[in-house]
Amino acid sequence: MNNIKTPISFLRSSLAVKQLFVNLLLAPTILTLTNTPTSSAMNLFENVSLSTVEIIRNNGYDVEIHNVITADGYILELHRIPRSKSGQEPTRNHPVFMHHGILGTSADWVLAGADMSLPMQLADAGYDVWLANCRGNTYSRKHISMTFKQKAFWNFSLHEVGYYDIPASIDYILSNSKTSQLHYIGYSMGSCVFFIMGSERPEYQPKIRSQISLAPVAFLSNTRSSLRYIAPYAKTMNIVFQRMWKGMLMPQSGMQRFLASTICRERITQKIICEKCIIFSVCGSDPYHFDTKLIPLIMGHFPAGTSSNLAAHFAQFILKDTFGQYDYGRAMNLRHYNSTEPPTYDLKSIRVPITLIYGENDILADTTDVLKLKDQLPMVVDAFPVKSPYFNHVDFLWSSNVVEQINNPVKEILQKTDDFSWTYTGPVATATAVAVDAVVPAINRPPIYTMQLNPLTGIVNPAPSLEFFAANLDAIIASTMPRPVDERDAAVFEREREQQRLLFGGAIRFAQAAEKKYGQLREEITNEISGWADDVATGAESRVKQTAVLVNGKIALAGNSVAGAVGKAEHFVAGGVGKAEQTVAVGIGKAHNYVNYGLNKADRAVNNALNATVGRFSRVFWFWK
């Protein structure tokens, strides 16, 4: 190990590769190879699993826990730093509300410690600081009528976070601080849900003193993150998570913290797996100033869980060049929106002073998408890139230069906008203005290292296959790399690419081998089932024929029995009919005689009455005569 000169020479050594996988399998035993003085795996486990409250307290600050109930019943946990480290009460006019990114928690802001943490430094600058935790993460898994184990609990997207979570938190903070406005700082997804709230809940716009977006996210069609290759699978993955885990996505777990305490602390596995595979290819990081010492802490808190619908909502932004509400599918969209397509958020209706701070090397929030967002916001105080040309997405939180590059500019903006006399005096875009595609200003730097994807180009809805990833691995890795700034980057970035080729290439080959083995196994099982089915069919056919002969014999016997029974029945019926006919004939004769007798008797009575009447008339006539 001591003779290793570069990561490349290490990875090219078969013995070293074997040792790497031994380290992965025997993670607890590699703790002695780390820089930490602690030799107990349990102690390391505890170090990476401290809560937000414990981290803040360990840094010497007071901290409060507040619970907020949203209009739809979710219970959110807010963390507050009510005073400075020295114990001084807030001296600023407005509180500061800070929101984390996707799969994050309030811990993301503070795990680097007071020397790097923006919330702690703002508390020292006299602000009343509140940290959000959106529904579904480690700290906000409660509901007034549901548990997080129910599927209905996870039925939310970015829209619900912006529509319910942010307004409820703002009302609570303003009520407790007895102020009418607050400053909002959103990182990545934290900016996205603010734009949703501003668009859908315009009554909350006057409550925002100023808004600062760090690595802002709304449009994502130009992202260079590896997420762009995962996005086409989002709907299928969402269905799987809905059926198997009730819509819960990547919650924090004991295994995650254990891996953070072991694999992400060992030097080689930390560099290759935790930094390059998990962090670098998804969010990107400054290859020179990313604080790698934080990786075990980051992996101990991230990911912290969310809804698979929320992740699918982000994938929708990547696949569609729009910033719109959640796409339920054409049929369900008609029910929810009375339209086959989800409506877009009206960014031009947001009358809030907004500052956008972005990284020119951010592979997730690409400069083109950020400037497109800027063009649609009517009250932009300022929009500027971080001074460091290497600054990437996670560097807004965990760069070793975060104080100079982010914290100090944010404090300057807040100091200006916090003054009661300050008002926005810049231009206000009209609501009828039509947004145009952003034009990225030219930057003096070497060309981007890119390769043409073959045969697929760009982002497509059909999910690409393993063969596509294998054929285009170099191009995919190149697209997720930071942009080189000067000549020294070529060698550094080439080493980064080589590491990723080895790692992802091995993963793809493993997946292809597993897929091939699965196909062979499926074919063998299919053949076994087919042979069994043939045997069953042959036996069944023989038994059917035997049964048919038996049934035909039974039918013949039954037919003879039925024929005899029918003959007897016909004879019996015929005899019955004859007897009935005789009985009827006798009855008719008797009735005929009875009728004749009655008629004769009636005739005699009538004649007698007629004769008597005639006699009376004769006597009367004779009398008158």
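Since the model is a prediction, treat every value here as computed from it, not as a measurement.

Trainee: Before we move on, can you summarise the overall build of the protein chain with the specific residues and values?
Mentor: Within the protein chain one finds 21 helices and 11 strands. A total of 625 residues make up the protein chain; the buried ones form 46% of that total. Within the protein chain, residue pairs in contact and separated by at least 24 positions form 77% of the contacts whose partners lie at least 6 positions apart. For the protein chain, the exposed surface amounts to about 31800 Å²; the carbon and sulfur share of it is 59%.

Trainee: Tell me about the packing of aromatic side chains, and please be specific about residues and values.
Mentor: Inspection of every chain in the model, using the stated rule, returns 18 aromatic pairs. When the ring of Trp130 is compared with that of Tyr172, the centres are 6.1 Å apart and the planes differ by 80°; the resulting orientation is edge-to-face. Of this pair, Trp130 sits in strand β4 (residues 129-131) while Tyr172 sits in helix α7 (residues 158-177); the two residues are 42 residues apart in sequence, bridging distant segments of the chain. Overall, Trp130 belongs to the buried group, its relative accessible area being 0%.

Trainee: Mind laying out helix α14 (residues 308-319), listing which residues take part and the relevant values?
Mentor: Compared with the 16 Å implied by 1.5 Å per residue over 12 residues, the 16 Å span of α14 between its first and last C-alpha is a close match. In terms of burial, α14 is largely enclosed, as 10 of its 12 residues are buried. What α14 keeps buried is the set Ser308, Asn309, Leu310, Ala312, His313, Phe314, Ala315, Gln316, Phe317 and Ile318. Buried residues belonging to α14 abut α7, α8 (189-200), α9 (227-230), α10 (234-245), β8 (248-249) and β9 (306-307).

Trainee: Can you explain the pattern of salt bridges? Please cite residues and give values.
Mentor: The tally for this structure, following the rule as stated, stands at 12 salt bridges. Of the charged contacts in the structure, one is a salt bridge between Arg83 and Glu89, with a shortest N-O distance of 2.9 Å. Residues joined by salt bridges that share partners form a network here, namely Asp62, Arg83 and Glu89.

Trainee: Account for the environment of Asn309, naming residues and giving values.
Mentor: Looking at the secondary structure, you find Asn309 in helix α14. Assessed through its relative accessible area of 8%, Asn309 is described here as buried. In this structure Asn309 touches Trp154, Asn155, Phe156, Ser157, Asn238, Gln242 and Tyr326, once residues within four positions along its chain are discounted. Of note is the side chain of Asn309, whose polar atom sits 3.4 Å from the side chain of Asn155. Among the polar contacts listed, one links the side chain of Asn309 to the side chain of Asn238, at a separation of 2.9 Å.

Trainee: Help me get a handle on the environment of Ala312, residues and values and all.
Mentor: Considering the arrangement of structural elements, one finds Ala312 in helix α14. The buried category is assigned to Ala312, whose relative accessible area is 13%. Considered as a pair, Ala312 and Tyr326 are 14 residues apart in the sequence and their alpha carbons are 8.4 Å apart. Residues within four places of Ala312 in sequence aside, it is in contact with Ala234, Asn238 and Tyr326.

Trainee: Mind laying out the nonpolar core, listing which residues take part and the relevant values?
Mentor: Counting 57 residues, the largest nonpolar core has Phe97, Leu158, Ile170, Phe195, Phe314, Phe323 and Leu377 as its most contacted members. Those elements giving two or more residues to this core turn out to be β2 (74-81), α7, β6 (182-187), α8, α14, β10 (354-358), α16 (367-376) and β11 (380-385). Setting aside chain neighbours within four positions, we find Phe97 in contact with Leu78, Trp130, Leu131, Ala132, Ile166, Ser169, Ile170, Ile173, Leu182, His183, Tyr184 and Ile185. Counting 43 residues, the second largest nonpolar core, distinct from the first, contains Val63, Met98, Val402 and Leu414.

Trainee: Which residues make up the side chain of His99, and what values go with them?
Mentor: Residue position: His99 is located in strand β3 (residues 96-99). Exposure remark for His99: the relative accessible area of 1% places this residue in the buried category. Those residues in contact with His99 that lie beyond four places of it in its chain are Trp109, Ala132, Cys134, Val161, Ile166, Tyr184, Ile185, Gly186, Tyr187, Met189, Gly190 and Val193.

Trainee: Quick one: what's the story with a nonpolar patch on the surface, residue by residue and with numbers?
Mentor: On the surface, a cluster of nonpolar side chains totalling about 500 Å² of accessible area is made up of Leu521, Ile525, Ile529, Trp532 and Val536. In this fold, Trp532 is placed in helix α21 (residues 489-624). Residue classification places Trp532 among the exposed positions, given a relative accessible area of 58%.

Trainee: Could you give an account of the pairing of β10, naming the residues involved and the relevant values?
Mentor: Among the 5 residues in β10, 5 count as buried, and that is most of the element. On β10, burial covers both faces: Ile354, Leu356 and Tyr358 on one face and Thr355 and Ile357 on the other are all buried. As defined by bridge partners, strand β7 (residues 208-214) adjoins β10 across 4 bridges and the pair is classed as parallel. Across the sheet, the residue bridging to Gln211 is Ile354, located in β10. Direction of pairing for β10 relative to β11: parallel, over a ladder of 5 bridges. Of the residues in β11, the one forming a bridge with Ile354 is Val380.

Thresholds, definitions, all that
Residues numbered from 1 in each chain as written. Predicted model: local features only at pLDDT ≥ 70, side-chain atom pairs only at ≥ 80, totals over all residues. Heavy atoms only, no water. Helix = DSSP H or I, 4+ residues; strand = E, 2+ residues; numbered from the N terminus. Buried < 20%, exposed > 50% of the residue type's maximum accessible area, 1.4 Å probe, protein only. Contact = heavy atoms within 4.5 Å. Areas by Shrake-Rupley, 256 points an atom, 1.4 Å probe, with all protein chains shown as cover. Phe/Tyr/Trp six-rings, centres within 6.5 Å; stacked < 30°, edge-to-face > 60°. Expected span 1.5 Å × (residues − 1). Salt bridge = Lys/Arg side-chain N within 4 Å of Asp/Glu carboxyl O. Polar contact = N/O pair within 3.5 Å; in protein donor to acceptor, adjacent residues only side chain to side chain. Core = buried A, V, L, I, M, F, W, Y, C linked by side-chain atoms within 4.5 Å. Patch = residues over 30% accessible without salt bridge, like charges linked within 9 Å, V, L, I, M, F, W, Y side chains within 5 Å. Pairing = 2+ DSSP bridges.

The quantities given are spatial measurements derived from coordinates; they are silent on function.
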